[in-house]
Amino acid sequence: MRRPISAPSGADPMPHPVTAEELAAALPHVLAAPKTDAPIVSLCWRAGFNRRSFPDRLLLTRRCGIPGERWLKQPWLRLPDGRPDPRIQVSILPARVCDLVWRDRQGTPHPGDTIVADLDTTEANLPVGSLLRAGTAVLRVSDVFNDGCVKWKARYGAAAKDWIVAPGHAALRLRGILCSIEEGGVVAASDRLRKL
């Protein structure tokens, strides 16, 4: 199985980011990804900002998300009472999008998504509330839209960011989906994601 390579935290953005023309041409291929039974390409564990490791297995828990991962300590979205928002416990990035935008795998950091899988993440395939089996865990697709943060633009280029939020593209969820953990369990890099 292909294993991503983590880049230094201070790495510069890649010199030749993907172009708008390349993104437009690749869209049919991206949208042709499997709708279920999707192979996992990689798992990522983030202990902190710009810190990545790529284990063969991850423990997913409802209470702590991924134990030791930064969601519990430094979430980018919180509930009104200040607790981490469970709707962003797990992020899933389509492998075809990852391959398209992440060109410089030595000099540019991995996107940091918990799971990269060859999966169709569109609203049509995975409406809000859909359940996904990930190993022995179950994930629920949340209503939080992943529009690609400023780091996505800095790492992969302005065209990669604009593509995600272009008119008509929100429902395509090109930056992937965010999920809460419905049932805790273990997901392995050899597992496949399956709709329930």
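Before any of the text, the structure's been laid out above.
Notes on the structure in this doc start here.

Thresholds, definitions, all that
Residues numbered from 1 in each chain as written. Predicted model: local features only at pLDDT ≥ 70, side-chain atom pairs only at ≥ 80, totals over all residues. Heavy atoms only, no water. Helix = DSSP H or I, 4+ residues; strand = E, 2+ residues; numbered from the N terminus. Rg over C-alpha atoms; globule rule 2.2 N^0.38 Å. Buried < 20%, exposed > 50% of the residue type's maximum accessible area, 1.4 Å probe, protein only. Contact = heavy atoms within 4.5 Å. Areas by Shrake-Rupley, 256 points an atom, 1.4 Å probe, with all protein chains shown as cover. Lys, Arg positive; Asp, Glu negative; His and termini not counted. Charge placed at Lys NZ, Arg CZ, Asp CG, Glu CD. Expected span 1.5 Å × (residues − 1). Arc of directions from axis to C-beta. Core = buried A, V, L, I, M, F, W, Y, C linked by side-chain atoms within 4.5 Å. Salt bridge = Lys/Arg side-chain N within 4 Å of Asp/Glu carboxyl O.

## Considering the overall build of the chain
On a plain count of helices and strands, the chain comes out with five helices and 11 strands. Since a compact globule built from 196 residues should have a radius of gyration of about 16 Å, the 16 Å found for the chain is in line with a globular shape. Seen through its C-alpha atoms, the chain measures out along the principal axes to roughly 40 × 40 × 35 Å. Counting across all 196 residues of the chain, residues that qualify as buried make up 50%. Counting contacts in the chain only where the partners sit at least 6 residues apart, residues at least 24 apart contribute 73% of the total. Of the roughly 8,900 Å² of accessible surface on the chain, a fraction of 57% belongs to carbon and sulfur atoms. On the chain, the mean spot of the 28 positive side-chain charges and the mean spot of the 20 negative ones are 5 Å from each other.

## Overview of helix 1 (residues 20-31)
In an α-helix, one full turn covers 3.6 residues, which means residues spaced three or four apart are oriented alike. Over its 12 residues, helix 1 runs 16 Å from end to end, which matches the ideal 16 Å to within 8%, given 1.5 Å per residue. Regarding helix 1, the residues found buried are L23, A26, L27 and V30. Taken down its axis, helix 1 places every buried residue within 145° of arc, on the same side. Pointing more than 90 degrees away from the buried face of helix 1 are the exposed residues E21, A24, A25 and P28. Tucked into the core, helix 1 has its buried residues touching helix 3 (95-101) and helix 5 (158-165).

## Topic: the nonpolar core
With 23 residues, the main nonpolar core has L60, V90, I92, I115, L119, L139 and L193 as its most contacted residues. When contributions to this core are tallied by element, the ones reaching two or more residues are strand 1 (38-43), strand 4 (57-60), strand 5 (90-94), strand 6 (115-117), strand 7 (131-134), strand 8 (137-141) and strand 9 (177-183). Beyond its immediate stretch of four places on either side in the chain, I92 contacts D113, I115, L119, L132, L139, R175, G176, I177, C179 and L193.

## Thoughts on the pattern of salt bridges
Within this structure, the stated rule accounts for 12 salt bridges. The salt bridge partner of D85 is R87, with a shortest N-O separation of 2.7 Å. Accessibility expressed as a relative area gives 2% for D85, which makes it buried. Between D118 and R96 there is a salt bridge, with its nearest N and O atoms 2.7 Å apart. Taken as a pair, D118 in the loop between strand 6 and strand 7 and R96 in helix 3 lie far apart in primary sequence, 22 residues in all. Each member of the salt-bridge network shares a partner with another, and the members are D37, R192 and R194.

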